[in-house]
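# Architecture and fold: a report
Spelled out from the first residue to the last, the chains are:
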Amino acid sequence: MTPPSTAAGLDAWLSYLEALHPTAIDMGLDRIRQVANKLNLDQNQPPVVTVAGTNGKGSTVRYIETILRCQGYRTGVYISPHIHEYRERVRVDGEWLSNADHVAAFQAIEAVRGTTSLTYFEFGTLAALWLLQRAQVDVWILEVGLGGRLDAVNIIDADVPVLTSVGIDHIGFLGSDRDGIAVEKSGIFRPHRVAICGEPDFPEVALDYCRQNQVQLRRVNQQFFYKVAADAQSWSFQGVHTQLSQLALPQLPLPNAATALAAIEALSLPVSAEAIREGLALAREPGRLQVLAGPPEQLLDVAHNPHAAAFLCAHVQRFYSAQQRPVYAVIGMLKDKDIAGTLAALEPAVSRWFCADLGPPRGASARELAAALPPTVQAFELFSSVEAAQQAACAAALEHSSQQPLVLVCGSFYTVASISTSE
């Protein structure tokens, strides 16, 4: 396959990357390591934080980034997937890079890879690392794409590896039980180094893995703790060396805030209590508990598995259902997800369902979603697109404005991406 010309833009390169490898996902590190070695990507690195987990990766990355920037450090961040455009995947000091920067990175990878075939994600990961290395930032914060042990990001040895949560997802690649998934995700841990675990129910087999590899594990409720105040207006954090109280409740999930603070404590970078408080208050992440003021008020969240849906349900019940506000759920999901389990986890908080086709090749149809709803659900409608479902939900909410219904949009990154530009 012929690579794009030197004058080609970012879209041409992304199309090239999509067609370059025979499969979208090809777990393993041998091929990407070969190319990384040619690029000298493991030379002169600043401290590296790598974040893995079934859910909570994006918000944990954002907390760490925002707090460190409030302290004055220059941060380099790599995340995936993006919601609206590819440039979201790399941030330097909080800012996206230009199309030309990404094209230059792709050209650098292409120039050295030779006959080594790379997936879209592998190629993009190498490009992101090349960009972060060139930016000469103070710390790298890397988000694992899938799993941990065999994910492309794991070619970099993390100084502080972080595991946010362990749930069932991507069973075709990671297995169908939490034990195996936990061990796979723990593959980002390194012997004799501190590792942070925000999963309160960490499987024993993964603990055995950590002991055998002499990982210095710091677990939530074991080596670090957090607690919401009795008046539910603030919270406190207790780490190995850090104690903070009267912290304002953040916009993003609180468990991930505590995990982020434990990770920052483990870094070899001084951070003040003032920077922590400011960063926690400022941290926002598109598509994660993202509020659109309205009217009607909308809540966007990329929850796409039962673990994330259960957290989202509890959040909605706490902040919306407790006020007797109806919740209209706009839902679109991919076929390869646990649709029935996700919908069942959301059902206690939802008054009315607006099921949307997500589109081929991987999207589930509205009829498939409706068929997977719990048998007790009676109020649901079918739509040919997320946009149509969202418009209908908003119109219905406005018709009953005295009740102040909340429009909840969730189920997939693709679902949120369909409508969140309206903010």
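All figures in this text were calculated on a predicted structure; none of them were measured in a lab.

## Let's talk about the overall build of the protein
Looking only at helices and strands, the protein has 15 helices and 17 strands in total. Taken over C-alpha atoms, the radius of gyration comes to 21 Å for the protein, in line with the 22 Å a tight globule of 423 residues would show. Expressed along its principal axes, the backbone C-alpha trace of the protein runs to roughly 60 × 55 × 40 Å. Here the protein holds 423 residues, and 55% of them are scored as buried. Carbon and sulfur atoms form 49% of the exposed surface of the protein, whose accessible area is close to 17600 Å². A distance of 2 Å separates the average location of the 31 positive side-chain charges in the protein from that of its 42 negative side-chain charges.

## Side note on the environment of P161
Summarising the element assignment, P161 is placed in strand β6 (residues 160-163). By relative accessible area, which is 0% here, P161 ends up buried. Distance from P161 to I79, taken between C-alpha atoms, is 15 Å for residues 82 residues apart in sequence. Excluding anything up to four places from it in sequence, P161 contacts T50, I188, F189, R190, V194, A195 and I196.

## Describing the side chain of R218
Within the secondary structure, R218 sits in strand β8 (residues 216-219). On the basis of relative accessibility, which here comes to 17%, the residue R218 falls in the buried class. Filtering out sequence-adjacent residues up to four positions away, R218 remains in contact with V194, A195, I196, C197, Q223, F224, V240, E265 and A266.

## Overview of the domain arrangement of the protein
Examined at the domain level, the protein breaks down into domain 1 (10-282) and domain 2 (290-418). In this structure, domain 1 and domain 2 have C-alpha centres spaced 28 Å apart. The partner domain 2 presents ten residues to the 18 residues of domain 1 that form the contact. Interface area for domain 1 against domain 2, summed over the two sides, is near 1100 Å², with a carbon-plus-sulfur share of 58%. Where domain 1 touches domain 2, the interface holds zero salt bridges. Taken together, domain 1 and domain 2 are joined by two residue pairs in polar contact (both at pLDDT 80 or more). Looking at side-chain class alone, the side of domain 1 that touches domain 2 contains nine nonpolar, seven polar and two charged residues.

## Examining the packing of aromatic side chains
As enumerated under the stated definition, the model contains ten aromatic pairs in all. For the pair W13 and Y16, a centre-to-centre distance of 5.7 Å together with 90 degrees between the ring planes defines the contact as edge-to-face. Taken together, the residues span about one helical turn, with W13 and Y16 both in helix α1 (residues 10-20) at a distance of three residues. A relative accessible area of 2% places W13 in the buried class. When the ring of Y86 is compared with that of Y120, the centres are 6.2 Å apart and the planes differ by 90 degrees; the resulting orientation is edge-to-face. Placement of Y86 in the loop between β2 (75-78) and β3 (90-92) and of Y120 in helix α5 (residues 120-135) is noted, with a sequence separation of 34 residues between them. Three or more aromatic residues link up through ring pairs in this structure, and these residues are W13, Y16, Y86, F106, Y120 and F123. If you follow R352 out to its NZ or CZ, it ends over the ring of Y328, 5.4 Å from the centre.

## Some points on the sheet that holds strand β12 (residues 290-292)
The six strands are arranged β12-β13-β17-β14-β15-β16 in an open sheet whose pairing can be described as mixed. Single-partner strands in this sheet number two, and they are β12 and β16 (380-383). When strand polarity is set aside, the average angle formed by the axes of neighbouring strands in this sheet is 20 degrees. Where strand β15 (residues 352-356) lies against β16, four bridges are found, and the strand directions are parallel. Within the sheet, the bridge partner assigned to F354 lies in β16 and is E381. Contacts from helix α11 (residues 306-319) reach β13 (298-300), β14 (327-331) and β17 (406-410) within the one sheet, and its direction differs from that of β17 by about 170 degrees.

## Observations regarding the pattern of salt bridges
Counted according to the given criterion, the structure contains 19 salt bridges. Note that E265 is salt-bridged to R218, the shortest N-O span being 3.8 Å. Taken together, the residues span a long stretch of sequence, with E265 in helix α9 (residues 254-266) and R218 in strand β8 at a distance of 47 residues. Neither residue differs from the other here; E265 and R218 are each classed as buried. Notably, a salt bridge pairs D336 with R362, separated by 3.0 Å at the nearest N-O pair. Note that D336 is positioned in the loop between β14 and α12 (339-346) and R362 in the loop between β15 and α13 (366-372), a separation of 26 residues in sequence. Taking the relative accessible area as the measure of exposure, R362 reaches 38% and is therefore partly exposed. Sharing partners across several salt bridges, the network here consists of R62, E65, R91, E285 and R288.

## Brief notes about the nonpolar core
One finds F106, L126, L142, F189 and F202 to be the most contacted residues of the largest nonpolar core, which totals 58 residues. In terms of residue count, the dominant contributor to this core is α5 (ten residues). Excluding anything up to four places from it in sequence, F202 contacts L163, V166, A182, S186, F189, C197, L207, C210, L217 and R219. Within the second largest apolar cluster, 36 residues are counted, among which are V51, Y73, L254 and L280.

## Comments concerning the pairing of strand β11 (residues 243-248)
In the sheet, strand β10 (residues 234-238) pairs with β11 via four bridges, with the strands oriented antiparallel. Bridge pairing in β11 places W235 opposite L247. Taken together, β10 and the strand that follows it, β11, pair antiparallel across an intervening segment of four residues.

Conventions we followed
- Residues numbered from 1 in each chain as written.
- Predicted model: local features only at pLDDT ≥ 70, side-chain atom pairs only at ≥ 80, totals over all residues.
- Heavy atoms only, no water.
- Helix = DSSP H or I, 4+ residues; strand = E, 2+ residues; numbered from the N terminus.
- Rg over C-alpha atoms; globule rule 2.2 N^0.38 Å.
- Buried < 20%, exposed > 50% of the residue type's maximum accessible area, 1.4 Å probe, protein only.
- Areas by Shrake-Rupley, 256 points an atom, 1.4 Å probe, with all protein chains shown as cover.
- Lys, Arg positive; Asp, Glu negative; His and termini not counted.
- Charge placed at Lys NZ, Arg CZ, Asp CG, Glu CD.
- Contact = heavy atoms within 4.5 Å.
- Domains from an automatic or database assignment.
- Buried area = accessible area lost by both parts, 1.4 Å probe.
- Salt bridge = Lys/Arg side-chain N within 4 Å of Asp/Glu carboxyl O.
- Polar contact = N/O pair within 3.5 Å; in protein donor to acceptor, adjacent residues only side chain to side chain.
- Nonpolar A, V, L, I, M, F, W, Y, C, P; charged D, E, K, R; others polar.
- Phe/Tyr/Trp six-rings, centres within 6.5 Å; stacked < 30°, edge-to-face > 60°.
- Lys NZ or Arg CZ within 6 Å of the ring centre and 35° of its normal.
- Pairing = 2+ DSSP bridges.
- Axes fitted to C-alpha atoms, helices over the stretch in contact; angles between N-to-C directions.
- Core = buried A, V, L, I, M, F, W, Y, C linked by side-chain atoms within 4.5 Å.

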